[in-house]
Amino acid sequence: SQKQVGLMNKPGVKLSPVYVSDIMRENAQTTLLLRGKNNAANGLGAAMPAGKAAVFSDVDGQMLLVGESAIDDKAVDELVEFRMGQPQSVSARVVGTRRRPNDRTTGYTLTVTNNQAWPVTYETKIHLYDYEKMARSSSRLGRKDGASFWTTIVPANGTATLSYAVRDDRKR
């Protein structure tokens with residue numbers, strides 16, 4: 001719609017890059033989100049209809065396409081997230097280790113690598129099957145959308161690590 005085209009054609013829209021993963025066992029794919037609140041302070045502040053949005057960034061005076069993302073209807077003051085796809089410079093890897101054959105607990109190590117010259121914000125949701133429980137973790141985990149949730153700052157050209165254990169509670 002014309003309203004959406006005009007809304008997104010605003011200079012100075014403030015969006016924060018956040019790298020996110022949804023983890024299930026040893027599967028972790030990282031996505032770059034550009035996140036901001038739909039308000040005047042962030043250069044927005046009007047209802048946004050559902051549709052596609054293109055995000056551009058000014059690089060040395062030239063407007064370069066960062067990516068395109070589909071968005072749902074967003075009201076004023078609602079959180080807006082644009083999914084920009086899989087980044088090349090930030091990645092997550094999960095390795096699982098079972099201690100003994102009849103041990104019901106599997107240990108996992110999540111390593112997030114940042115190959116950029118600046119620190120980045122990283123968030124992950126760790127999804128478990130109904131019969132699994134989070135047994136322990138090296139950092140305090142929150143909850144988001146029914147999953148265990150971890151957020152951290154990954155240092156420039158560095159890594160961040162989370163160790164955790166998942167227990168299988170099925171009756172044997």
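Figured I'd write up the structure that's included with this text. Everything quoted here is computed from the prediction, not taken from an experiment. (Residues numbered from 1 in each chain as written. Predicted model: local features only at pLDDT ≥ 70, side-chain atom pairs only at ≥ 80, totals over all residues. Heavy atoms only, no water.)

### A closer look at the pairing of strand β8 (residues 120-127)
For step 1, the next point in the chain: By the criterion of burial, β8 is predominantly enclosed, with 6 of the 8 residues buried.
For step 2, the next point in the chain: Here strand β1 (residues 16-24) pairs with β8 via 7 bridges, running parallel. By the bridge assignment, Ser-21 is partnered in β8 with Thr-124. (Buried < 20%, exposed > 50% of the residue type's maximum accessible area, 1.4 Å probe, protein only. Helix = DSSP H or I, 4+ residues; strand = E, 2+ residues; numbered from the N terminus. Pairing = 2+ DSSP bridges.)

### Details of the sheet that holds strand β9 (residues 132-137)
For step 1, the next point in the chain: Overall, antiparallel pairing links the 4 strands, which are arranged β6-β7-β12-β9 in an open sheet. Two strands lie at the open edges of the sheet, namely β6 (90-98) and β9, each paired on one side alone. Taken over all neighbouring pairs, the strand axes of this sheet differ in orientation by 30 degrees on average, direction set aside.
For step 2, the next point in the chain: Relative to strand β12 (residues 158-168), β9 runs antiparallel, the two sharing 5 bridges. (Axes fitted to C-alpha atoms, helices over the stretch in contact; angles between N-to-C directions.)

### Examining the environment of Met-134
For step 1, the next point in the chain: If you trace the backbone, Met-134 turns up in strand β9.
For step 2, the next point in the chain: Owing to a relative accessible area of 24%, Met-134 belongs among the partly exposed residues under this scheme.
For step 3, the next point in the chain: Between the C-alpha atoms of Met-134 and Arg-98, which are 36 residues apart in sequence, the distance is 15 Å.
For step 4, the next point in the chain: With near-sequence residues (within four places) excluded, Met-134 lies in contact with Ile-126, Leu-128, Leu-141, Ser-148, Tyr-164, Ala-165 and Val-166. (Contact = heavy atoms within 4.5 Å.)

### Quick look at the packing of aromatic side chains
For step 1, the next point in the chain: Under the defined criterion, the tally for this structure stands at 3 aromatic pairs.
For step 2, the next point in the chain: Here Tyr-122 and Trp-150 contribute two aromatic rings whose centre-to-centre distance is 6.3 Å and whose plane-to-plane angle is 65 degrees, an arrangement assigned as edge-to-face. Here the residue Tyr-122 occupies a position in strand β8, and Trp-150 occupies one in strand β11 (residues 147-154), the gap between them amounting to 28 residues. The two residues Tyr-122 and Trp-150 agree in class, both being buried. (Phe/Tyr/Trp six-rings, centres within 6.5 Å; stacked < 30°, edge-to-face > 60°.)

### Observations regarding the sheet that holds β1
For step 1, the next point in the chain: An order of β5-β2-β1-β8-β11-β10 is seen for the 6 strands of this open sheet, with the pairing classed as mixed. Edge positions in the sheet fall to β5 (79-83) and β10 (142-144), since each has one partner strand and no second. This sheet shows a mean twist of 40 degrees between the axes of neighbouring strands, independent of strand direction.
For step 2, the next point in the chain: Pairing geometry for β8 and β11, over 7 bridges, is antiparallel. Bridged to Thr-124 within β11 is Trp-150.

### Overview of the nonpolar core
For step 1, the next point in the chain: Core analysis: the biggest nonpolar cluster contains 27 residues, and Phe-82, Leu-110, Val-112, Tyr-122, Trp-150 and Tyr-164 have the highest contact counts within it.
For step 2, the next point in the chain: Sorting elements by how many residues they give to this core places β12 first, with 4 residues.
For step 3, the next point in the chain: Here Trp-150 is in contact with Leu-110, Val-112, Tyr-122, Glu-123, Thr-124, Ser-139, Arg-140, Leu-141, Ala-160, Thr-161 and Leu-162, once residues within four sequence places are set aside. (Core = buried A, V, L, I, M, F, W, Y, C linked by side-chain atoms within 4.5 Å.)

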